[in-house]
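Survey of secondary and tertiary structure
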Amino acid sequence: MPEEFLDRRGYADVARDVRPALPRYRNEIGRFSVHRASNCIACGRCVEICAHDVHKRPEGYRPVTRPLDYRCIGFDCAGTGAYCIDACPQGALSLASNPAFDTLGDRRWTPDLIASTWRMAETGHAPRHGMECETGGSGGGFDRIRIRFPEAPPAGLRREDISTKLLLNRRNDSRPRLAIDVPWYGGGMSFGSTSINTILSRARTAKAWNTLTCTGEGGYVDRLIPYAGHVITQVATGLFGVREETIQRAPVVEFKYAQGAKPGLGGHLLGDKVTPPVAAMREAVVGFPLFSPFPFHSVYSVEDHKKHIDWIAHVNPRGLISAKVSTPVDVDMVAVGSYYAGAHIVHLDGSYGGTGAAPNIAKKNIAMPIEYGISRVHRFLMAEGIRDSITVIASGGIRTPADIVKAIALGADGVVIGTAELIAVGCIRCGNCESGCGCPRGITTTATGYCDKVSIDWGTQRLVNLYNAWREMLVDILYRLGLESVSALRGRTDLLFHLDYEPGDGE
Ligand code: SF4
Ligand code: SF4
């Protein structure tokens, strides 16, 4: 109901304030399970003593509610003086590891990374205890790179003075010098692949945080209009829903030449997901699968690329142009070509990203890992003397603020995120994203009745909270590095080390 939505006064104005956004399922998955036996006498001792709000007694009630054990820090709590298991006069409480926890995710998105992202989305801050929220367990990529912190930050640097702004237009042309408040924005997720409520939650968060989100290639739904100043629209090979008015509305127009998760393959939306609204938006037939071809059949050279960019620049004289490319071995040449063709942003999409809709064989075997792609492009642009005239954005598996720092220190200006946002709204990385009603959490579905599992207000608050936690963590890292802005981090490879060449503690 776009009109009704647009008429809701103030709906488009979203605050960046952190507010608690509890999990939407009764049994949130946590590392530990706390059981309260039937001999509990509801004395309330555990409610008083627990420092992590596992035990609650709602006001006006005598019974204590079921333990919120996903918050429990486990056996480390013993000996802290706040261990409910020992404090219970009835011996009614027991603690055990939760075997379901270890089944979450994979080696890149470990159970700890997933659960810590959930906690950040709930509370707006980094988890206080016991969760690894910086690196995964893939054994490669960013997981083998560490940040080299000095003994102490320079005296006089204050956290509140550290800037996290990212300038997107460095060309010195007639177009706006667009800047966003954090060095990340949301990547393309199409109407069709993702539920409308997830799309709107992302857009509202982008507005609250003065950053951007992206329509993906499924067209521009009317309900995004209130957030138009923060919505990138994508022109991909299928040209689904691409219109002059949607191009004119966007502050940034992104050409999607390829995706790091499936370079050399186009998009594929299974028939189950082509519901009536999706079919209407894409001018397609309900229930029939949709393919976007690879590549653009009108672009085989830098000259063709320039014609493409000229076309969009002509249609939207105020918009910035981004070229999203995967990371083939000649990605450095692609980036230089994009600059000379007139792009403001070159968006490098490496191989670690992608939802469950991207085939594993492609995700794991085709594109160059993003950490190589970034540094290669950064150095090539420096040698060409044009590094300060184009913005380099990296994506493909950016999971945490530590990953952002590593990407920027390798030479990117900022990053694009995707999966982390889905996890914040409850994704469990089950990998069923491609099928119609398959998403058990109502995130990557377009089926009636399933989309409402994520309410727009709840989804927005979870993402607003995640962004707040990430910014706090990013500022903390910059502070410890002694840097007064995120832009001062760019290309500082001296602030990184690789565990294979310089083993750290415990390696
Ligand atoms: S301390 Fe033990 S008896 Fe008291 S409310 Fe908690 S579980 Fe029940
Ligand atoms: S919970 Fe939904 S979005 Fe997450 S992996 Fe499963 S199907 Fe995909």
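Small disclaimer: the values here were computed from a predicted structure and weren't measured. (Residues numbered from 1 in each chain as written. Chains lettered and ligands numbered in written order. Predicted model: local features only at pLDDT ≥ 70, side-chain atom pairs only at ≥ 80, totals over all residues. Heavy atoms only, no water.)

Side note on the overall build of the chain
The test is simple: Secondary structure elements follow DSSP: runs of H or I of four or more residues count as helices, runs of E of two or more count as strands, with numbering from the N terminus. The atom set for the radius of gyration is the C-alpha atoms, and the globule formula is 2.2 Å times the number of residues raised to the power 0.38. Between buried and exposed lies partly exposed: a residue is buried under 20% and exposed over 50% of the maximum accessible area for its type, with that area taken using a 1.4 Å probe on protein chains only. We get accessible surface area from the Shrake-Rupley algorithm with a probe of 1.4 Å; when it comes to residues, only the shown protein chains can shield them. All tallies of charge rest on Lys and Arg as positive and Asp and Glu as negative; His and the ends of each chain are not included. Here the site of a charge means atom NZ of a Lys, CZ of an Arg, CG of an Asp or CD of a Glu.
Of the regular secondary structure elements, the chain holds 14 helices and 16 strands. The globule rule puts the C-alpha radius of gyration for 507 residues at 23 Å, and the 23 Å found for the chain is close to it. Based on the C-alpha atoms only, the size of the chain along its principal axes is roughly 80 × 55 × 45 Å. In the chain, buried positions account for 56% of the 507 residues. Working note: accessible area of the chain is about 21,400 Å², and carbon and sulfur atoms make up 52% of it. Of the charged side chains in the chain, 57 are positive and 54 negative; the average position of the first set lies 3 Å away from that of the second.

Examining the pairing of strand S15 (residues 414-417)
Heads up, the rule is: Strands are labelled as partners when DSSP assigns at least two bridges between them.
By the alternation rule, side chains of S15 split into Gly414 and Val416 and Val415 and Ile417, which are all buried. Both strand S6 (residues 184-186) and S15 contribute to a ladder of three bridges, which runs parallel. Its bridge partner lying in S15, glycine 186 is registered against isoleucine 417. Relative to S15, strand S14 (residues 391-395) runs parallel, the two being bridged by two bridges. The partner of isoleucine 393 across the bridge, within S15, is glycine 414.

Thoughts on the site of ligand 1
What counts, and what does not: For this description, a residue counts as near a given molecule or strand if any of its non-hydrogen atoms is within 4 Å of it. Asp, Glu, Lys and Arg are counted as charged, while Ala, Val, Leu, Ile, Met, Phe, Trp, Tyr, Cys and Pro are counted as nonpolar; the rest, among them Gly, fall into the polar class.
Every one of the 13 residues lining ligand 1 counts as a neighbour, but Arg36, Cys40, Cys43, Cys46 and Cys88 are closest to it. By residue class, the composition of the shell around ligand 1 is nine nonpolar, two polar and two charged.

Regarding the packing of helix H8 (residues 302-315) against helix H9 (residues 331-341)
Note the following rule: Here an axis means a line fitted to C-alpha atoms, over the contact stretch when the element is a helix, while the angle between two N-to-C directions is reported on a 0 to 180 degree scale. For classification, angles of less than 35 degrees are called roughly parallel, those exceeding 145 degrees roughly antiparallel, those between 65 and 115 degrees roughly perpendicular, and all remaining angles oblique. Crossing handedness is defined as follows: a turn of the near helix away from the far one that is anticlockwise and smaller than a right angle gives a left-handed crossing, while the clockwise case is right-handed. By definition in these notes, contact holds between two residues if any of their heavy atoms fall within 4.5 Å.
Two elements in contact, H8 and H9, have axes whose closest approach is 9 Å; the angle formed by their N-to-C orientations is 45 degrees. On the basis of their axis angle, the class for H8 and H9 is oblique. Note that H8 runs across H9; the crossing there is right-handed. Across the interface between the two elements, Val302, His305, Lys306 and Ile309 from H8 touch Gly337, Ser338, Tyr340 and Ala341 from H9. In terms of residue class, the contact of H8 with H9 is built from four nonpolar, three polar and one charged.

Digging into the confidence of the model for the chain
Here is the rule: The predictor attaches a confidence to each residue, and that confidence, scored 0 to 100, is pLDDT.
Considering every residue of the chain, the mean pLDDT works out to 90; 93% of them sit at 70 or more. Counted against residues more than four places away or in other chains, residues 1-9, with its pLDDT under 50, gives 12 contacts.

Considerations on the site of ligand 2
Near ligand 2 the following residues occur: Cys427, Ile428, Arg429, Cys430, Gly431, Asn432, Cys433, Cys439, Pro440, Arg441 and Thr444. Looking at the shell around ligand 2 residue by residue, the classes come out as six nonpolar, three polar and two charged.

Some details on the nonpolar core
Condition: As used here, the term nonpolar core means buried Ala, Val, Leu, Ile, Met, Phe, Trp, Tyr and Cys residues forming a set that is joined through side-chain atoms within 4.5 Å.
The biggest cluster of nonpolar side chains holds 90 residues, and the ones touching the most others in it are Trp184, Phe255, Leu348, Leu381, Trp470 and Leu489. When residues of this core are assigned to their parent elements, the largest contribution, 14 residues, is made by helix H14 (residues 456-481). The contact partners of leucine 381, leaving out residues within four places of it in the chain, are Ala335, Val336, Ile386, Arg387, Ile390 and Val392. Counting residues in hydrophobic clusters, the runner-up holds 19 residues, among them Leu200, Leu224, Val274 and Val278.

Comments concerning unusual backbone geometry
Of note in this structure, alanine 42 is not a glycine but carries a positive phi near 60 degrees. Locating alanine 42 in the fold gives a position in the loop between strand S1 (32-36) and helix H2 (45-49). For alanine 42, a relative accessible area of 13% puts it in the buried group.

Structural notes on the sheet that holds strand S7 (residues 213-214)
With parallel pairing, eight strands are arranged side by side in an open sheet as S6-S15-S14-S13-S12-S9-S8-S7. With one partner strand each, in any of the chains shown, S6 and S7 form the two edges of the open sheet. Here H8 sits on the sheet and contacts strand S8 (231-235), strand S9 (252-256) and strand S12 (320-325); the angle it forms with S9, its principal contact strand, is near 150 degrees.

Some points on the pairing of S1
Side chains Phe32, Val34 and Arg36 project from S1 onto a buried face, and the interleaved Ser33 and His35 project onto a face without burial. By the bridge criterion, five bridges tie S1 to strand S2 (residues 93-97) in an arrangement that is antiparallel. The partner of histidine 35 across the bridge, within S2, is serine 94.

Things to note about helix H11 (residues 370-384)
Note that an α-helix has 3.6 residues per turn; residues three or four places apart therefore point the same way. We count it as follows: Multiplying one less than the number of residues by 1.5 Å gives the expected span of a helix.
Between its first and last C-alpha atoms H11 spans 21 Å; for 15 residues at 1.5 Å apiece the expected length is 21 Å, and the two agree. Within H11, burial applies to Ile370, Glu371, Gly373, Ile374, Ser375, Val377, His378 and Leu381. Packed against the buried residues of H11 are strand S3 (145-147), H9, strand S13 (345-349), S14 and helix H12 (401-410).

Here's the deal with the pattern of salt bridges
It is possible for side chains bearing opposite charge to pair when their charged atoms get close. Defined as follows: Take a side-chain nitrogen of Lys or Arg and a carboxyl oxygen of Asp or Glu: if they are within 4 Å of each other, that pair is a salt bridge.
On inspection of all chains with the given rule, the structure shows 26 salt bridges. Glutamate 122 is the partner of arginine 71 in a salt bridge, and the nearest nitrogen-oxygen pair spans 2.8 Å. Placement of the pair is arginine 71 in the loop between H2 and helix H3 (84-87) and glutamate 122 in helix H4 (residues 111-123), with a sequence separation of 51 residues. Of the two residues, arginine 71 and glutamate 122, both sit in the buried class. Counted as one network, the salt bridges with shared partners bring together Arg170, Arg387, Asp388, Asp413 and Arg490.

Details of the packing of H12 against H14
Any two packed helices are characterised by the angle at which their axes cross and by the distance between the axes. Two numbers describe how H12 lies on H14: the axes approach to 9 Å, and their chain directions differ by 50 degrees. What the angle tells us is that H12 and H14 run oblique. The chirality of how H12 crosses H14 is right-handed. Contacts from Pro401, Ala402, Ile404 and Val405 of H12 reach H14 at Trp470, Met473, Leu474 and Ile477. A breakdown of the residues in the contact of H12 with H14 according to their chemical character gives eight nonpolar, no polar and no charged.

Let's talk about the side chain of arginine 490
Put simply, the rule reads: N or O atoms within 3.5 Å of each other form a polar contact, as long as, within protein, one can give a hydrogen and the other can take it, and as long as residues adjacent in sequence are counted only when both atoms are side-chain atoms.
When you line up the elements, arginine 490 lands in the loop between H14 and strand S16 (496-498). There is a polar contact of 2.9 Å between the side chain of arginine 490 and the side chain of aspartate 413. Filtering out sequence-adjacent residues up to four positions away, arginine 490 remains in contact with Arg170, His378, Arg387, Asp388, Ile408, Gly411, Ala412 and Asp413.

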